[in-house]
Amino acid sequence: MDESDVQTDYSGILEIIKEIFGEVRNYNDYKQQLSVDCPVCSIEKGLDGGDGKSNLEINLRLGVYRCWSCAETNDTHGTLYKLIKTYGSSKQLKKYKLLKPDQDTDQPLKVNKKIYLPQEFVSFKSASNGLKMTHYYKQAINYLRKRNITDEMIDKFNIGFCYSGIYENRIIIPSYDIDKNLNYFIARSYLDKTKMKYKNPAVEKETIIWNEYLINWDEPVYIVEGVFDSIFLPNSIPMLGKFMTDKLFNLLYEKGKKIVIILDPDAHDDQEKLYHKLNCGKLMGKIWVVKLTGGKDVGDLQGNIFN
């Protein structure tokens, strides 16, 4: 985050959102991200006062929104300008134009800043013997052990941690693009009690293909939800959520030869929608689905599923 990010005031835009949608939930001041009830979902359910699900997620910094329930079916995603124009008044739209960051009215703010690992980042592989004796190191490595992450995985993915700074008490897992340049990282708290599990850099995730340099397109490519899932499954790409970006879809369409979708047990409906989205054109007949049940997750899968 640079100085301009810190100085930007989004309070006026936040007030507009509150005027239009009422109660705001899950407000994250660091990311300038929040959730409200989706008006489309509410209408479909015949509810005037919202459905209480808070599925419509808004990022004030990036100027974008998305409903995680009906985005694919009802086109409830896009720029904040589009959202306010659709559901707000002309007066609110005019006010937003005056307050919004410098960007086109029909395009979300693109964040293409170069990414760096935190200054306080310590690689587990290179940690000094003295550091290994501290409770910081022990807390961090014990967290990874509880998640069944091995030394080989730690080395392969350059996993580290921070015990001070803005990412204090967090596991850091970096991602690298096709040219092995850092393009993102996740910062997951390793403490048992924390208000914010993840504290990731303010980067537009729609531009990221996680660890693309590791993908062998001649082998089956596995599509999973989260970064920790991808650690356990070789040749996998996490969507960083339950929905696929256009960039990832286009890459799979261009290069994919066999694609396997494996989402969490609570995402079977999303998995089915993704299957039908991918199983077309050049990818017809090349898409497989593995449904996890019960308490199983990707970490329970051993080796190549097609062996």
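Residues numbered from 1 in each chain as written. Predicted model: local features only at pLDDT ≥ 70, side-chain atom pairs only at ≥ 80, totals over all residues. Heavy atoms only, no water.

1. Describing the sheet that holds strand 5 (residues 77-79)
No. 1: Here we have five strands laid out as an open sheet, ordered 1-2-3-4-5, and antiparallel in their pairing. The open sheet terminates on both sides in strands that have one partner only, identified here as strand 1 (25-28) and strand 5. Averaged over all pairs of adjacent strands, the angle between strand axes in this sheet comes to 15°, irrespective of strand direction.
No. 2: Both strand 3 (residues 56-59) and strand 4 (residues 64-67) contribute to a ladder of four bridges, which runs antiparallel. Its bridge partner lying in strand 4, Leu56 is registered against Cys67.
No. 3: Here helix 2 (residues 11-21) sits on the sheet and contacts strand 1, strand 2 (33-36) and strand 3; the angle it forms with strand 2, its principal contact strand, is near 10°.
No. 4: Relative to the sheet, helix 5 (residues 80-87) contacts strand 3, strand 4 and strand 5, its axis offset from that of strand 5 by approximately 105°. (Pairing = 2+ DSSP bridges. Helix = DSSP H or I, 4+ residues; strand = E, 2+ residues; numbered from the N terminus. Axes fitted to C-alpha atoms, helices over the stretch in contact; angles between N-to-C directions. Contact = heavy atoms within 4.5 Å.)

2. Digging into the pairing of strand 3
No. 1: With four bridges connecting them, strand 2 and strand 3 associate as antiparallel partners. Paired with Gln33 across the bridge in strand 3 is Asn59.
No. 2: Hairpin connection of strand 3 to strand 4: four residues between the antiparallel strands, including Gly63 at a positive phi of 70°.

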